[in-house]
Amino acid sequence: MFKMSSKNQNINLKLLNEKGIKLSIKREDEIHPFISGNKYRKLKYNLTKAKEQHCHTLLSFGGAYSNHISALSYAGKKHGFKTIGIIRGEELGQDFAHLLQTNPTLRFAHENGMQFKFVSREMYRKKEKSDFLQDLKFEFGDFYLIPEGGTNALAVKGCQEILTSDDTEFDYICVSVGTGGTISGLINSASERQTILGFPSLKGAFLQEIIEEKTNKSENWKLMHSYHFGGYAKINEILISFINDFYQQTTIPLDPIYTGKMMFGIMDLIKKNFFERNSSILAIHTGGLQGIEGMNQRLIRKKLPLILDEKL
Ligand SMILES: *Cc1c(COP(=O)(O)O)cnc(C)c1O
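Description of the structure in this document. (Residues numbered from 1 in each chain as written. Predicted model: local features only at pLDDT ≥ 70, side-chain atom pairs only at ≥ 80, totals over all residues. Heavy atoms only, no water.)

## So, the site of the ligand
Thinking step 1. Lining the immediate environment of the ligand, one finds 16 residues, of which Lys39, Asn67, Thr179, Thr182 and Thr286 sit closest.
Thinking step 2. Taking Asn38, its side chain carries an N or O atom lying 3.0 Å from an oxygen atom of the ligand.
Thinking step 3. Burial of the ligand by the surrounding chains reaches 99%, relative to a free accessible area of 380 Å².
Thinking step 4. Here the ligand is seated within the largest pocket.
Thinking step 5. Those elements giving two or more residues to the shell around the ligand turn out to be α2 (38-52), β7 (172-177) and α9 (181-189).
Thinking step 6. In terms of residue count, the dominant contributor to the shell around the ligand is α2 (3 residues).
Thinking step 7. Here the residues of the shell around the ligand sort into 2 nonpolar, 12 polar and 2 charged. (Near = heavy atom within 4 Å. Polar contact = N/O pair within 3.5 Å; in protein donor to acceptor, adjacent residues only side chain to side chain. Areas by Shrake-Rupley, 256 points an atom, 1.4 Å probe, with all protein chains shown as cover. 1 Å grid on protein atoms, 1.4 Å probe; cavity = no way out; pocket = protein on both sides within 12 Å on 5 of 7 lines; lining within 4 Å. Sits in = over half its atoms within 2 Å of the grid points. Helix = DSSP H or I, 4+ residues; strand = E, 2+ residues; numbered from the N terminus. Nonpolar A, V, L, I, M, F, W, Y, C, P; charged D, E, K, R; others polar.)

## Concerning helix α11 (residues 237-250)
Thinking step 1. Across its 14 residues, α11 extends 20 Å between first and last C-alpha, which sits within 8% of the 20 Å expected from 1.5 Å per residue.
Thinking step 2. Between the side-chain oxygen at the start of α11 and the backbone nitrogen of Ile238 there is a gap of 3.1 Å, and the oxygen is on Asn236.
Thinking step 3. Trailing α11 by a residue or two, Thr251 shows a phi angle of about 60°, which is positive. (Expected span 1.5 Å × (residues − 1).)

## Regarding the packing of aromatic side chains
Thinking step 1. For the structure on display, the rule yields 16 aromatic pairs.
Thinking step 2. Each ring, one from Phe116 and one from Phe118, has its centre 5.7 Å from the other, and the planes form 50°; the classification is tilted.
Thinking step 3. Accessibility expressed as a relative area gives 14% for Phe116, which makes it buried.
Thinking step 4. An aromatic cluster of three or more residues is present, and its members are Phe199, Tyr227, Phe229, Phe242, Phe246 and Phe264.
Thinking step 5. Geometry around Tyr65 places Arg298 over its ring, the cationic atom sitting 3.7 Å from the centre. (Phe/Tyr/Trp six-rings, centres within 6.5 Å; stacked < 30°, edge-to-face > 60°. Buried < 20%, exposed > 50% of the residue type's maximum accessible area, 1.4 Å probe, protein only. Lys NZ or Arg CZ within 6 Å of the ring centre and 35° of its normal.)

Purely spatial values, then, with no claim about function.
The structure is reproduced here in structure tokens:
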């Protein structure tokens, strides 16, 4: 179940030839149809630990379209755990039938047996506080806690397995950043001469410090803060058309929250000659494609163009 490896796919685009850059994408999005990309890596050692502790329930946190919540619900079902999702947005719980109709992420999690508790944004902010967790234990009984986005020390350990010995040839490793767990694993496992570039998908000034705490190197990585498109889950027509063009040219789908922003950033940096000629770049496709459907429903409401994927 947990044997995982993904292939590196070489990208052919005119810009890359012009600038003398080699770009490959590590297709972590393909390691599992439902527990895709980095979320699989992050859950691996946590599920083993929960089993060792004879814990039968996994509890975690996320937004209404969370890739982590989606992955956790399926992994929990597969491995015989009960799952509980604490979801940001009290109002979501008011009409549950309507919610399941309109939100494909939570519908999928519900179908996998996940139980939800919807909390206000104010309450959600207290999710790491011990009295809130105590209340949750009172309500749900004993559980194995997985933090928001799945990030903890065991998640970083799992993400250290993304890079393999075949990947040492690359000069740069690029990855999208949310809570910082995935990039921390890459930083720890990259070879000395490699540079890791992180592309935060949110305004994340706090990320530098968080990543420093989780890693054992300080020299070989850098966060590129100019590609969040206004904040977490914020997107615009420029990003949508970039994602669609990239899909048409490479047949590789990108998600709008994470990998789309990263790839936009990589291409922009290539255009601006950030990378020396003859550099080789490995971009990690961390998955997240389950989020496209939910994003498209919001785009329809906003009368914006849709993101193309295999289903359209
Ligand atoms: C969760 C997620 C990320 C961010 O990973 P972190 O470890 O939280 O930084 C990146 N890409 C995708 C597709 C994700 O789902």
